[in-house]
Amino acid sequence: MNPVVVRDVRIGEGIPKICVPITGTTREEIIEEAGMISSKPADMAEWRADWYEDIFDVQKVREVLRCLRETLEEMPILFTFRTKGEGGERDIDVEGYMKVNKAVIASGYIDLADVELFSGDETVQELIEEAHRLGVKVVLSNHDFDKTPEKDEIVSRLRRMQKLGADILKIAVMPGSTRDVLILLEATEEMRCTYADRPLITMSMSQTGVLSRLCGEVFGSAVTFGAVGKASAPGQIRAEKLKDVLELIHGTDMTASIQG
């Protein structure tokens, strides 16, 4: 698997990287949260812009991005507008989704953009092409807050993301049982070992799925999300605790033990 290098962060190599979401609703809250991240064990920051009260004002969005870049300095920034249908805060039509994402990609302030797989192949391809033209990496994502699909369906979605040209493949699912967590982990391991030539991000949400946020290095997930302020999804762990567990697993070399 080839790592994706963003600034000095090598995603898909070594210990999973910790990404911390920013979920403030006002400019002041957003910048305050970014300041908190700078002192925490985080490798990346995700601006969950669907929480922002002025998200449809492009000029205000650019100003927030400028402030985020100044505050976070060289930390990679992932921009995400999570739609209502995939667990986000706002409804948006395809035209609005394209407008916001294109403006942000062109701003020069972000390193990665989250694009939702089910926004339509034409939308996905156009945003990926635009992002790559401007040197921005794409995380192609799918969030299922209702269920955990069967293993073959999870693998199929991840393979589709890879075929569409995403730099990083991401899927998050909701477990109804501990068996569902095992399905997600098995799908991750199969994708990594059989099909993937680029980094994956997978997780099982809620308290039931917490284990999946911790053992990414073992099964093949390259990034995990930890909270500093408000969590952006159910089951997120505080970044400090997450770092301790990731280092413990990394230090015991569990990946080598399982493969051997």
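Note that the structure is predicted; figures quoted are calculated from it, not measured.

Student: What exactly am I supposed to notice about the pattern of salt bridges here?
Tutor: When charged atoms on two side chains of opposite charge get close, those side chains can pair. Applying the stated rule across the entire model yields 22 salt bridges. Put simply, Glu74 and Arg7 hold a salt bridge, and the shortest N to O gap is 2.8 Å. Residue Glu74 is found in the loop between helix 2 (58-72) and strand 5 (77-80), and its partner Arg7 is found in the loop between strand 1 (4-6) and strand 2 (9-11); the two are separated by 67 residues along the sequence. For Glu74, a relative accessible area of 56% puts it in the exposed group.

Student: Before we go on, may I ask you to explain the side chain of Ser204 in this structure?
Tutor: Inspection of the secondary structure puts Ser204 in strand 9 (residues 200-204). Sequence-distant contacts of Ser204, that is, excluding residues within four places in its chain, are made with Val173, Pro175, Val181, Leu184, Gly209, Val210, Ser212 and Arg213.

Student: Is there a simple way to explain the sheet that holds strand 4 (residues 44-48) in this structure?
Tutor: Backbone-to-backbone hydrogen bonds join strands into a sheet, with any given pair of strands oriented parallel or antiparallel. The 9 strands are arranged 9-8-7-6-5-4-3-10-11 in an open sheet whose pairing can be described as parallel. The two strands at the open ends of the sheet, each matched to only one other strand, are strand 9 and strand 11 (237-238). Pairing geometry for strand 6 (residues 112-116) and strand 7 (residues 137-144), over 5 bridges, is parallel. By the bridge assignment for strand 7, Leu112 is matched with Lys137. Together, strand 5 and strand 6 form the strand contacts of helix 3 (residues 94-105), whose direction differs from that of strand 6 by roughly 165°. Packed onto the sheet, helix 5 (residues 151-164) meets strand 7, strand 8 (168-173) and strand 9 and runs at close to 150° relative to strand 8.

Student: Looking at this structure, how should I read the packing of helix 3 against helix 4 (residues 121-133)?
Tutor: Working note: a packed helix pair is described by the angle between its axes plus the distance between those axes. In the contact formed by helix 3 and helix 4, the axes pass within 10 Å of each other and the chain directions differ by 10°. In terms of orientation, helix 3 and helix 4 fall into the roughly parallel class. Here helix 3 contributes Val94, Tyr97, Met98, Asn101, Lys102 and Ile105 to the contact with helix 4, which in turn contributes Thr123, Glu126, Leu127, Glu130 and Ala131. Broken down by class, the residue content of the contact of helix 3 with helix 4 amounts to 6 nonpolar, 2 polar and 3 charged.

Student: Just to check I follow, could you spell out the confidence of the model for the chain for this structure?
Tutor: Detailed reading of the predicted model is not advised wherever pLDDT is low. For the chain, per-residue confidence averages 93 on the pLDDT scale, and 94% of positions sit at 70 or higher. Across residues 254-260, confidence stays below pLDDT 50; counting only partners more than four residues off in sequence or on other chains, it has 8 contacts.

Student: Please clarify how unusual backbone geometry should be interpreted in this entry.
Tutor: Trans peptide bonds make up most of the peptide bonds, and negative phi angles are found at most residues other than glycine. Non-glycine residue Arg7 carries a positive phi angle of around 55°. Non-glycine residue Ser206 carries a positive phi angle of around 70°. As for its position among the elements, Ser206 is in the loop between strand 9 and helix 7 (210-214). For Ser206, a relative accessible area of 15% translates into the label buried.

Student: So what exactly am I meant to see when it comes to the state of the cysteines here?
Tutor: The bond known as a disulfide is covalent and runs between the sulfur atoms of two cysteines. Scanning all chains against the criterion turns up 0 disulfides. Its sulfur unpaired, Cys67 is 20 Å from the next cysteine sulfur, which belongs to Cys19.

Student: Sorry if this is basic, but what is going on with the pairing of strand 10 (residues 223-227) here?
Tutor: For a regular strand, side chains alternate in direction, first toward one face of the sheet and then toward the other. Along strand 10, 5 of the 5 residues are buried, which leaves the element largely enclosed by surrounding structure. The alternating pattern of strand 10 places Val223, Phe225 and Ala227 and Thr224 and Gly226 on opposite faces, both of which are buried. Bridge count between strand 3 (residues 17-22) and strand 10: 3 bridges; the pairing is parallel. Counted as the bridge partner of Cys19 is Phe225 from strand 10.

Conventions adopted
Once a new chain begins, its residue numbering starts again from 1 and follows that chain's sequence as written. Only residues with pLDDT of at least 70 get local features here, since the model is predicted, and only at 80 or more are side-chain atom pairs given and counted; chain-wide, interface and lining totals rely on the full set of residues. With hydrogens and water set aside, each side-chain value is computed from the structure's full complement of heavy atoms. The term salt bridge refers to a pairing of a side-chain nitrogen on Lys or Arg with a carboxyl oxygen on Asp or Glu at a separation within 4 Å. Secondary structure elements follow DSSP: runs of H or I of four or more residues count as helices, runs of E of two or more count as strands, with numbering from the N terminus. Each residue is assigned to one of three classes by its accessible area relative to the maximum for its type, calculated with a 1.4 Å probe on protein chains only: buried under 20%, partly exposed between the two thresholds, exposed over 50%. In this analysis, two residues are considered to be in contact whenever any of their non-hydrogen atoms come within 4.5 Å of each other. Two strands pair under a simple rule: DSSP has to find at least two bridges between them. In this description, a line fitted to the C-alpha atoms serves as the axis of each element, helices being fitted only across the stretch in contact, and the angle between N-to-C directions of two axes falls anywhere from 0 to 180 degrees. In what follows, roughly perpendicular refers to angles from 65 to 115 degrees, roughly parallel to angles under 35, roughly antiparallel to angles over 145, and oblique to any angle outside these ranges. All amino acids are sorted into three groups, where Ala, Val, Leu, Ile, Met, Phe, Trp, Tyr, Cys and Pro are nonpolar, Asp, Glu, Lys and Arg are charged, and the leftover types, Gly among them, are polar. Scored from 0 to 100, pLDDT records how confident the predictor is in each individual residue. Any two cysteine sulfur atoms within 2.5 Å of one another count as a disulfide.

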